[in-house]
Amino acid sequence: MRIDIVTGLPEILNGPLSESIIKRAQENNSVTIAIHNLRDYTHDRHKTIDDTPYGGGAGMVLKPEPIFECIEALHKERRYDEIIYMTPDGNRFTQSIAAGLSLKENIVILCGHYKGIDERVREALVTSELSIGDYVLTGGELAAAVVVDAVVRLLPGSLHDSTSAMTDTFQDNLLGAPVYTRPPEYRGMKVPDVLLTGNHSAIEEWRQEQRIKRTTERRPDLLNKKSE
Ligand code: ADE
C-alpha cells in the first residue's frame, strides 16, 4: 500500500509515523508513506499557502493552487483509490473504515489547517472526508496520523501476530476482553483462574463472555449495530 500525505506542516507527521509498528511496516515494505509539503507547490517568495476568507471572518483558508498542483503532480505518477480530506465535518472514522482503507492500493490524505481549505478543492479533488471525532484540532495532521496508524497496523506483515487484529476492540462490534500478564498475583490482585488453566476452549469462552459484558456495560450502542 502507498499513502501520500499532503500538508502545510510536515514536521508534525514525522514523529508519529517514524516509530514502532508504522516504522516496521515501512521498513518491510508493507507500506510506503510519502509526505508532501504544500509550500513546495507555491511560486511566491514567501511560499504562501493560505489567505484570508472571502466575505470576511476569522482565520485563514488554505489556497487552492498549491493543493491542486500537488495532487495533480501525484496523479501523474499513479492512480489513486481515494483522495481523503481530514475535517471535523467529515464522516466519522471507524474500525470498519480503517479495514476498508487497508485494502486499497494508493490513497492520498489531505490535511487542512487554520479555518479550512478552499471549497473548490473539496468539490473537484476530494473523494471522501473523514473526521476522527467531534472536536476541532488545529489541523488535520494529527487526525491523518491517527488514520494512518489504524490502517497500517492492519496490513499483513505489520503486527507480529496477525490474530492480534482479529481480537481487537470493535472487531465484531464488541470491545476487547481484559488482558493480564505475569505475575499471577500482584498486590493481592489475582489473574482470573481460567487464564492459568491452559484450557483454550474455556479461555475463549471466558473471553467472549467478558467482551459481551464489557460492551453491555460501556458501549451498549455497539450491540445493536449491524456489521458495517
Ligand atoms: N481537523 C481538525 N479537526 C479534525 C477532526 N476532528 N477530525 C479530522 N480532521 C480534523
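Residues numbered from 1 in each chain as written. Predicted model: local features only at pLDDT ≥ 70, side-chain atom pairs only at ≥ 80, totals over all residues. Heavy atoms only, no water.

**Student:** I'm lost on the overall build of the protein chain in this one. Help?
**Tutor:** Helix and strand content of the protein chain: nine helices and ten strands. With the C-alpha coordinates of the protein chain rotated into their principal frame, the extents come out at 70 × 40 × 35 Å. In the protein chain, which comprises 228 residues, the proportion classed as buried is 40%. Long-range pairs, those at least 24 residues apart, make up 76% of the contacts in the protein chain between residues at least 6 apart in sequence. Taking the average place of the 27 positive charges on the side chains of the protein chain and the average place of its 34 negative ones, the gap between the two points comes to 4 Å. (Helix = DSSP H or I, 4+ residues; strand = E, 2+ residues; numbered from the N terminus. Buried < 20%, exposed > 50% of the residue type's maximum accessible area, 1.4 Å probe, protein only. Contact = heavy atoms within 4.5 Å. Lys, Arg positive; Asp, Glu negative; His and termini not counted. Charge placed at Lys NZ, Arg CZ, Asp CG, Glu CD.)

**Student:** For this particular structure, what's the right way to read the sheet that holds strand S4 (residues 61-62)?
**Tutor:** The pairing of strands in a sheet happens through backbone hydrogen bonds and is either parallel or antiparallel. Within the open sheet, the three strands sit side by side as S3-S4-S7. Their pairing is mixed. The open sheet is flanked by strand S3 (50-51) and strand S7 (116-117), the only strands paired with a single partner. Sheet topology note: the S3/S4 ladder contains two bridges and is antiparallel. By the bridge assignment, Asp51 is partnered in S4 with Val61. (Pairing = 2+ DSSP bridges.)

**Student:** In this structure, what is going on with helix H8 (residues 200-218)? I would like to understand it.
**Tutor:** Turn by turn, an α-helix covers 3.6 residues, leaving residues three or four places apart pointing in a common direction. For H8, which comprises 19 residues, the first-to-last C-alpha distance of 26 Å matches the rise-based estimate of 27 Å (1.5 Å per residue) to within 8%. Turning to H8, its buried residues number three or more, namely Ile203, Trp206, Gln210, Arg211 and Thr215. Projection of H8 onto a plane perpendicular to its axis shows the buried side chains occupying an angular sector of 160 degrees, all on one side. Exposed positions of H8 whose direction lies more than 90 degrees from the buried face are Ser201 and Glu205. Buried residues along H8 sit in contact with helix H9 (220-223). (Expected span 1.5 Å × (residues − 1). Arc of directions from axis to C-beta.)

**Student:** It is not clear to me how the site of the ligand should be interpreted in this structure. Could you clarify?
**Tutor:** The ligand sits among 13 residues. The nearest are Thr87, Ile132, Gly133, Tyr135 and Leu137. One nitrogen or oxygen atom from the main chain of Ile132 is found 3.0 Å from a nitrogen atom belonging to the ligand. Taking Gly133, its main chain carries an N or O atom lying 3.1 Å from a nitrogen atom of the ligand. Alone, the ligand offers 260 Å² of accessible surface; in the complex the protein occludes 96% of this. (Near = heavy atom within 4 Å. Polar contact = N/O pair within 3.5 Å; in protein donor to acceptor, adjacent residues only side chain to side chain. Areas by Shrake-Rupley, 256 points an atom, 1.4 Å probe, with all protein chains shown as cover.)

**Student:** Just checking my understanding: could you explain the side chain of Gln210 for this structure?
**Tutor:** On the secondary structure map, Gln210 appears in helix H8. Setting aside chain neighbours within four positions, we find Gln210 in contact with Ala177 and Pro178.

**Student:** Help me out: how do you make sense of the pattern of salt bridges in this one?
**Tutor:** Opposite charge on two side chains lets them pair, provided their charged atoms get close. Throughout the structure, instances matching the rule amount to twelve salt bridges. Residue Arg122 is joined to Asp89 by a salt bridge in which the shortest nitrogen-to-oxygen separation is 2.9 Å. Here the residue Arg122 occupies a position in helix H5 (residues 119-124), and Asp89 occupies one in strand S5 (residues 82-92), the gap between them amounting to 33 residues. Judged by its relative accessible area of 53%, Asp89 is exposed. Residues joined in a network through salt bridges with shared partners are Asp89, Glu119, Arg122 and Glu129. (Salt bridge = Lys/Arg side-chain N within 4 Å of Asp/Glu carboxyl O.)

**Student:** I'm lost on the environment of Glu204 in this one. Help?
**Tutor:** Structurally, Glu204 can be placed in helix H8. For Glu204, a relative accessible area of 43% translates into the label partly exposed.

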